[in-house]
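Observations on chain architecture
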Amino acid sequence: MTTETVAPLTFIRRGQPVTLRNVPPDRTLLEVLREDLHLSATKEGCGEGDCGACTVVLGEAVGGQLQYKAVNSCIRLAHSVAGMAVFTADDLAAPNGALHPVQEALVQCHGSQCGFCTPGFVMSLFGMYQNSAGQPIGREQAQVDLSGNLCRCTGYRPILDAAETMHSLPLPAGCAVDGPTTLAALQALKPQPSEDAAYLRPTTLASLLQQRARFPQAQVVAGCTDVGLWVTKLHKRFERVLDVTATHELRQIHTHPDHIAIGAAVSLTDAFAALVHERPQLKTFSQRFAGLPVRNAGTLGGNVANGSPIGDSMPLLIALGARVELMRWQATPEGGEIAPRELPLEDLYTGYRTNVMQADELLCWIKVPRPGSPAFMRVYKISKRFDDDISAVCLAIQMTLQDGAVQHISIGAGGVAATPARARQTEAALRGQPWNADTVMTAMAALRAEFQPISDMRASATYRHTVLGNLLQRFWLESQGMTAINLENIQTLEALA
């Protein structure tokens, strides 16, 4: 692979196109901003998408309007922003030095101390500011949206004050985003996809599958929230990358009578919104999946295809009875056609980060059954931090009772085996049994016996083993009305004031 096969990278900054040539397919957006464009306000922190110091905002034309999303530039591959608008902390102040309201609010509320994390907070606040349509931001929403930005000095109270204050401050001339100009600039871009480029970003499903068949060794990426770490931490290099996020068909969510179909390129933010719309009890869990910049970049399809045993979406989807649709391009006398196959999500995995997909296959759709008969559902995430952390144990349970007995039960578990798994033996121990304390005690023992977790940096095997059974007991207690044991139902002193 030579630099001549790398297509130029063009995006919009300050309403004008920026074109860079010979950007390697595995170069990150942060590297391009800091090293190529010398935009040093965007900071390099953890290199994992965890601290938020590198946060930028991407603008994309959706339905004739600009849609803004805060993302981590440290793990975002640069070519993935082709055809988008990129906003950084260098771009907010007016030419005469007047501060944008999000910056001025941080100054007035004393929301910055060491200053290293501040540009990331500024950009997350800017994304909130642009998406709020002029409406004030509530403290609860600000806390959710800022969960992907870590502060070690000032603390969150003055930063949350700034989020509540920013809309009351004047917007100086030169600080406002010229939406029509930016939209026009985006629409004027004419991407010229190359069939032999080092960074492939097909726009149709047929072309995506054809490229997968042609280049089975290419690294497939979606939001790069994990693959990006292979670049920054493992120093992996990719000669060719196949990006699914521009594929129009896979950016859709379709609602059918018995299920919703979520395309593999749908962001975690949008996918969880669709799931929460049908099951409001999933709201807290959806907000605990990483931080907002990761959810904005990552995709549900990528999380599932990645197959990490601590990926939080899989236990939930397994408990919901989700299925996945795999697709490949099949040659025919007429030229070719899409060949699909479908299977339960839990049958996708064969071992640690291994699955049944063939070399030319891609995971394209996740099909989640819609709610049917009344069911009691809970998802439990156990982690060292409440926000923006990876699970030590994740357990999802969905149960339907009939005449006091367990009619249907489905249990998905994460962090306790080499793959996300379905607790089939525990389900069998519960199905048809009276839903009482004795049944639960028997099922707790079955659940603990079904998995042999390991010890690692997040938790010991003994801890995971103990917690696994305890979560089933917690499910029993909540089914009896003891909902106050949930953290989301505990109000802080500040909230009560």
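A brief look at the structure comes next. Since the structure is predicted, the reported quantities are computational estimates derived from the model, not experimental observations. (Residues numbered from 1 in each chain as written. Predicted model: local features only at pLDDT ≥ 70, side-chain atom pairs only at ≥ 80, totals over all residues. Heavy atoms only, no water.)

1. Concerning the packing of helix α15 (residues 437–450) against helix α16 (residues 461–479)
Keep this limit in mind: Lines fitted to C-alpha atoms define the axes, with helix axes restricted to the stretch in contact, and inter-axis angles between N-to-C directions lie between 0 and 180 degrees. Every helix listed is a DSSP run of H or I at least four residues long, and every strand listed is a run of E at least two residues long, numbered separately from the N terminus. An angle below 35 degrees is read as roughly parallel, one above 145 as roughly antiparallel, one from 65 to 115 as roughly perpendicular, and any other as oblique. A clockwise turn of the near helix away from the far one marks a right-handed crossing, whereas an anticlockwise turn of less than a right angle marks a left-handed crossing. Contacts are residue-level and defined by heavy atoms, with any inter-residue pair within 4.5 Å sufficient. Here the term charged refers only to Asp, Glu, Lys and Arg, the term nonpolar to Ala, Val, Leu, Ile, Met, Phe, Trp, Tyr, Cys and Pro, and the term polar to all other amino acids, Gly among them.
In contact at an axis separation of 9 Å, α15 and α16 are set at 155 degrees when each is read in the N-to-C sense. Taken as axis vectors, α15 and α16 run roughly antiparallel relative to one another. Where α15 crosses over α16, the two elements pack in a sense that is right-handed. Of the residues in α16, those touching α15 at Ala437, Val440, Ala443, Met444, Leu447 and Arg448 are His465, Thr466, Leu468, Gly469, Asn470, Leu472, Gln473 and Trp476. In terms of residue class, the contact of α15 with α16 is made up of 8 nonpolar, 5 polar and 1 charged.

2. Details of the sheet that holds strand β17 (residues 393–402)
Where we set the bar: By definition, two strands form a pair when at least two bridges between them are found by DSSP.
The strand order β16-β17-β18-β19 describes an open sheet built from 4 strands, whose pairing is antiparallel. Looking at which strands have only one partner, the edges of the open sheet turn out to be β16 (376–382) and β19 (421–422). With 7 bridges joining them, β16 and β17 adopt antiparallel strand pairing. Looking at the pairing, Tyr380 lines up with Leu395 of β17. This element, α16, spans β16 and β17 of the sheet and lies at about 150 degrees to β16.

3. Describing the environment of Gln217
Let me state the cut-off plainly: In this scheme, a residue with accessible area under 20% of its type's maximum is buried, one over 50% is exposed, and one in between is partly exposed, where area comes from a 1.4 Å probe on protein chains only.
Mapped onto the secondary structure, Gln217 falls in the loop between α7 (205–214) and β7 (219–221). Residue Gln217 is classed as exposed on the basis of its relative accessible area of 74%.

4. Focus on the side chain of Thr247
The condition is simple: By the criterion applied in these results, polar contacts are pairs of N or O atoms within 3.5 Å in which, for protein atoms, one can donate a hydrogen and the other can accept it, and in which residues neighboring in sequence qualify only through two side-chain atoms.
Mapped onto the elements of the fold, Thr247 is located in the loop between β8 (241–243) and β9 (253–255). Overall, the relative accessible area of 0% leaves Thr247 in the buried class. For Thr247, the side chain forms a polar contact with the main-chain oxygen of Pro202, separated by 3.3 Å.

5. Concerning unusual backbone geometry
Notably, His110 is not glycine yet its phi reads approximately 60 degrees, a positive angle. Looking at the secondary structure, you find His110 in the loop between α2 (101–108) and α3 (118–131). On the accessibility criterion, His110 (62% relative accessible area) is exposed. Positive phi, normally seen in glycine, also occurs at His235, with a value near 60 degrees. Checked against the element boundaries, His235 lands in the loop between α8 (227–232) and β8.

6. Here's the deal with the packing of aromatic side chains
This is how it is decided: Classification of ring pairs rests on two measures: the distance between centres of Phe, Tyr or Trp rings, Trp counted by its six-membered ring, which must be within 6.5 Å, and the angle between planes, read as stacked under 30 degrees, edge-to-face over 60 and tilted in between.
Tallied over the entire structure, the rule returns 9 aromatic pairs. For the pair Phe272 and Phe289, a centre-to-centre distance of 5.5 Å together with 55 degrees between the ring planes defines the contact as tilted. With Phe272 in helix α9 (residues 268–278) and Phe289 in the loop between α10 (283–288) and α11 (292–297), this residue pair connects regions lying 17 residues apart in the sequence. The same class applies to Phe272 as to Phe289, namely buried. An aromatic cluster of three or more residues is present, and its members are Phe376, Trp435, Phe475 and Trp476.

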